[in-house]
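Here is how the chains run, residue by residue.
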Amino acid sequence: LHVNANMGIAQWNMQTGKRVPAPGITEVPNLVVKAALSESTAVLISVDAVSVWQFGKRFPPHKMGLGDVDYVNVAFVPDSEWLAFSSTSWLLLFDLSSEQVIRSWKAETTIIDALAVDPLGRYAASAGFKDESLRLWDLKTGLEVVGMTDLPSDPYVLAFSRKGEALAGTLHGIGVATEVAIWSVPDLVRMATIKTGDSGARGLVFDWGTAILARLTDDGGLQLYDLTSGVMKKEVSAADCDTLALNTRGSVLACGGRDQSFVRLWDFPTGAFVGDLYAIGANEWIVNMADGHFDSSEGAQDSVKWVNA
């Protein structure tokens with residue numbers, strides 16, 4: 001699934017590479033700040049509201065009753081109807097089925113800049129802005145499991161490993177070398193440190209089992225690191241994406257965002273380019289593959305241009 005402010009919500013069949021027709025998906029807020037997508041639901045944070053759209057059930061997207069609060073991040077809690085939100089200095093759990101707030105708690109920081117949810121649905125991790133803090137929360141009890149306030153800088157991007165046994169965070173500040181720290185879960189003991197150079201990061205995904213970490217940089221690059229040695233294995237163009245995702249099997253990476261009209265796919269273990277998925281208008285599509293071949297819906301064929309190389 002891919003959210004684009006101009007084209008709405010695009011759905012793709014990953015077996016065939018073809019776009020799934022879904023009428024009405026263009027009726028989304030004009031400016032989507034953050035989004036969370038599951039197999040059946042999209043939750044969109046815009047400048048003035050939080051909206052939910054359940055595929056095939058609700059049309060158009062409707063605003064959620066969360067009050068006039070500036071929400072910063074949103075993430076689905078796996079295997080549940082729960083959503084985790086972060087706002088200024090609050091964390092909030094929301095039940096989509098009942099449309100009720102389950103719990104909210106204050107994180108003792110000015111603004112929660114980073115939020116991640118454990119893929120097993122046990123924990124949420126939050127990082128504060130300008131207080132160099134990192135906290136792990138038990139989603140069922142709402143209690144803080146462990147907290148750290150003596151970090152060298154603010155972890156402005158957080159990500160759990162594919163199986164939830166580790167947590168990664170970017171560290172970057174004045175006089176601090178840019179790095180990715182890996183902590184064990186739930187005790188937050190540092191397990192590894194990856195030195196990444198001067199560029200900032202927009203996204204992280206990693207698999208502790210295969211010891212591979214992918215980092216999406218501010219300048220539109222995708223870097224793959226070996227977690228055992230800390231060495232960068234490969235760097236490729238991410239075409240100015242700002243969102244990075246890994247499938248549940250740990251085999252395919254996807255990126256999109258920044259008003260891009262496509263989703264770019266790579267093979268996760270090797271970093272090999274797989275293809276680009278283009279959403280054209282409300283329902284049309286083009287797939288551009290690594291070997292130069294393409295496919296498209298009939299209505300998108302006039303968007304394909306031939307070039308004599």
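Predicted model only: the values in this text are computed from it and were never measured. All chains use their own residue numbering, which begins from 1 and follows the written sequence. A pLDDT threshold of at least 70 governs which residues receive local features in this predicted model, and a stricter bar of 80 or more applies before side-chain atom pairs are shown or counted, although totals over entire chains, interfaces and linings include all residues. Hydrogen atoms and water are omitted, and side-chain values are computed over all heavy atoms in the structure.

Here's the deal with unusual backbone geometry
Convention followed: Numbered from the N terminus, helices here are DSSP runs of H or I no shorter than four residues, and strands are runs of E no shorter than two.
Cis rather than trans, the peptide bond between Val-185 and Pro-186 has omega equal to 15°. The topology assignment puts Pro-186 in the loop between β18 (176–184) and β19 (190–195). Of note in the backbone geometry, Asp-79 takes a positive phi value of approximately 55° without being a glycine. Tracing the backbone through its elements, the reader meets Asp-79 in the loop between β8 (71–76) and β9 (82–87). The backbone of Ala-211 shows a phi angle near 60°, a positive value even though the residue is not glycine. Structurally, Ala-211 can be placed in the loop between β20 (201–207) and β21 (212–217).

Describing empty space enclosed by the protein
Which entries qualify depends on this criterion: Here a cavity denotes a set of grid points, spaced 1 Å apart and computed over the protein atoms alone, in which a 1.4 Å probe fits but from which it cannot get out, and a pocket denotes an open set meeting protein on both sides within 12 Å along at least five of seven lines; residues with an atom within 4 Å of a point are reported as lining. Grid points are joined across faces, edges and corners, and a volume is the space filled by probe spheres set on the points. Here the term charged refers only to Asp, Glu, Lys and Arg, the term nonpolar to Ala, Val, Leu, Ile, Met, Phe, Trp, Tyr, Cys and Pro, and the term polar to all other amino acids, Gly among them.
Under the defined criterion, the tally for this structure stands at one cavity of 30 Å³ or more. As a volume, the largest cavity reaches approximately 30 Å³. Lining the largest cavity, in full, are Ala-84, Phe-85, Leu-91, Leu-92, Leu-93, Trp-105, Ala-124 and Leu-139. Elements with a minimum of two residues in the lining of the largest cavity: β9 and β10 (90–95). The element best represented in the lining of the largest cavity is β10, accounting for three residues. For the lining of the largest cavity, the class distribution of residues is eight nonpolar, no polar and no charged.

In short, geometric facts, not functional conclusions.
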